Amino acid sequence: MIKGVIFDLDDTLTIHDDLYECSYLKVIEKFLPNYKNDSKNILNIFINTIHKIGTEKLFSTYKETKFGGRDILWGDCGGKGEVSEYLNERYLKFRIEIWKEVFNNFGIEKSKEEILKINNFYTYSMWEGIKLFDDVIPTLQNLKNMKLGILTNGMILHQRRKMAKSGILNFFSKNNRKILTSSESILGKPNNKPFEVILNKLNLSNSEVLMVGDSLESDILGANKMGITSILLNRRNINYTNNSIKPNYEINNLEFVFDISSDKYL
């Protein structure tokens, strides 16, 4: 019998990945106007530099938390715990180094003051873009009698702020509602550990929950390894026929989760 539902956060409940490219383009338009007509190539430089410096170099010790440079660049990096304490002392230095390297790729040198101005503009753009998909609130309301959890790869304060900004934190702040980030468990999805921790927090077995997420490689693979019923939320109707990772269910609207939890899904 299904007694609970665990959700991924980014691009399952909140709009997430599309924000990065949109905000990078805004930075290009404002601070690199001479390059805006070559935005595709410039975007690749942004993405590759942020990954190389932010993730591979500066955050190499904690790569298994499954987030990195692009998140550190705008995230709320404080809080308790090993990862949060590591970032809390370094994130501003990291951001300056990442942005300096981005602009160095164009032969442009920026002062610390200019970099901070750029980062503030970028951060504002990102936070303004945090929104829910239209099917989220109706689904959470329909599941009000279930135990609910959020299992998300990200930083503890940052992910909770996303939930507050988008208006769903209250749904996960009641009894029998739990939130777990990969920064708290040190390891991110699809590792077993975060799934084990959230199940323990919810006091449920793997046969009593559903795992809902948009990523085959983290949400679905992780759930499958744990024997948890997995639901792929495929909003864009991408053809995953040739992928070896198979969910138990595939849906394109979150509201189908209620039907699955009630054994009404056909």
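Whatever comes next refers back to the structure up there.
Residues numbered from 1 in each chain as written. Predicted model: local features only at pLDDT ≥ 70, side-chain atom pairs only at ≥ 80, totals over all residues. Heavy atoms only, no water.

### A look at the overall build of the protein chain
Piece 1. Of regular secondary structure, the protein chain possesses 12 helices and 6 strands.
Piece 2. On the principal axes, the C-alpha backbone points of the protein chain span a range of 60 × 40 × 35 Å.
Piece 3. By the burial criterion, 50% of the 266 residues in the protein chain qualify as buried.
Piece 4. Contacts in the protein chain between residues far apart in sequence, at least 24 positions, make up 65% of those at least 6 positions apart.
Piece 5. As presented, the protein chain carries roughly 12900 Å² of accessible surface, and 45% of it is formed by carbon and sulfur atoms.
Piece 6. One way to put it: in the protein chain the 36 positive side-chain charges average out to a point 4 Å from where the 33 negative ones average out. (Helix = DSSP H or I, 4+ residues; strand = E, 2+ residues; numbered from the N terminus. Buried < 20%, exposed > 50% of the residue type's maximum accessible area, 1.4 Å probe, protein only. Contact = heavy atoms within 4.5 Å. Areas by Shrake-Rupley, 256 points an atom, 1.4 Å probe, with all protein chains shown as cover. Lys, Arg positive; Asp, Glu negative; His and termini not counted. Charge placed at Lys NZ, Arg CZ, Asp CG, Glu CD.)

### Focus: helix 11 (residues 216–226)
Piece 1. All of the buried residues in helix 11 are Leu216, Ser218, Asp219, Ile220, Gly222, Ala223 and Met226.
Piece 2. Taken together, the buried residues of helix 11 touch helix 10 (192–202), strand 4 (209–213) and strand 5 (229–233).
Piece 3. If you check the start of helix 11, you find a side-chain oxygen 3.3 Å away from the backbone N of Glu217, and it comes from Ser215. (Polar contact = N/O pair within 3.5 Å; in protein donor to acceptor, adjacent residues only side chain to side chain.)

### Section: the packing of aromatic side chains
Piece 1. Counting across every chain of the model gives 15 aromatic pairs.
Piece 2. Centre to centre, the rings of Tyr20 and Tyr24 are 6.4 Å apart; their planes meet at 50°, and the pair counts as tilted. You can see Tyr20 and its partner Tyr24 sitting in helix 1 (residues 17–31), 4 residues apart, about one turn around the helix. Both residues of the pair, Tyr20 and Tyr24, belong to the buried class.
Piece 3. For the ring pair Phe59 and Tyr62, a centre distance of 5.9 Å and an interplane angle of 45° mean the geometry is tilted. We note that Phe59, like Tyr62, is buried.
Piece 4. Taken together, the aromatic side chains of Tyr20, Tyr24, Phe46, Trp74, Trp99, Phe103, Tyr122 and Trp127 make up a single cluster linked through ring pairs. (Phe/Tyr/Trp six-rings, centres within 6.5 Å; stacked < 30°, edge-to-face > 60°.)

### Examining the pattern of salt bridges
Piece 1. A full pass over the atoms with the stated rule returns 14 salt bridges.
Piece 2. Linking Glu56 and Lys63 is a salt bridge whose minimum nitrogen-to-oxygen distance equals 3.0 Å.
Piece 3. The network of salt bridges with common partners includes Asp8, Lys189 and Asp219. (Salt bridge = Lys/Arg side-chain N within 4 Å of Asp/Glu carboxyl O.)

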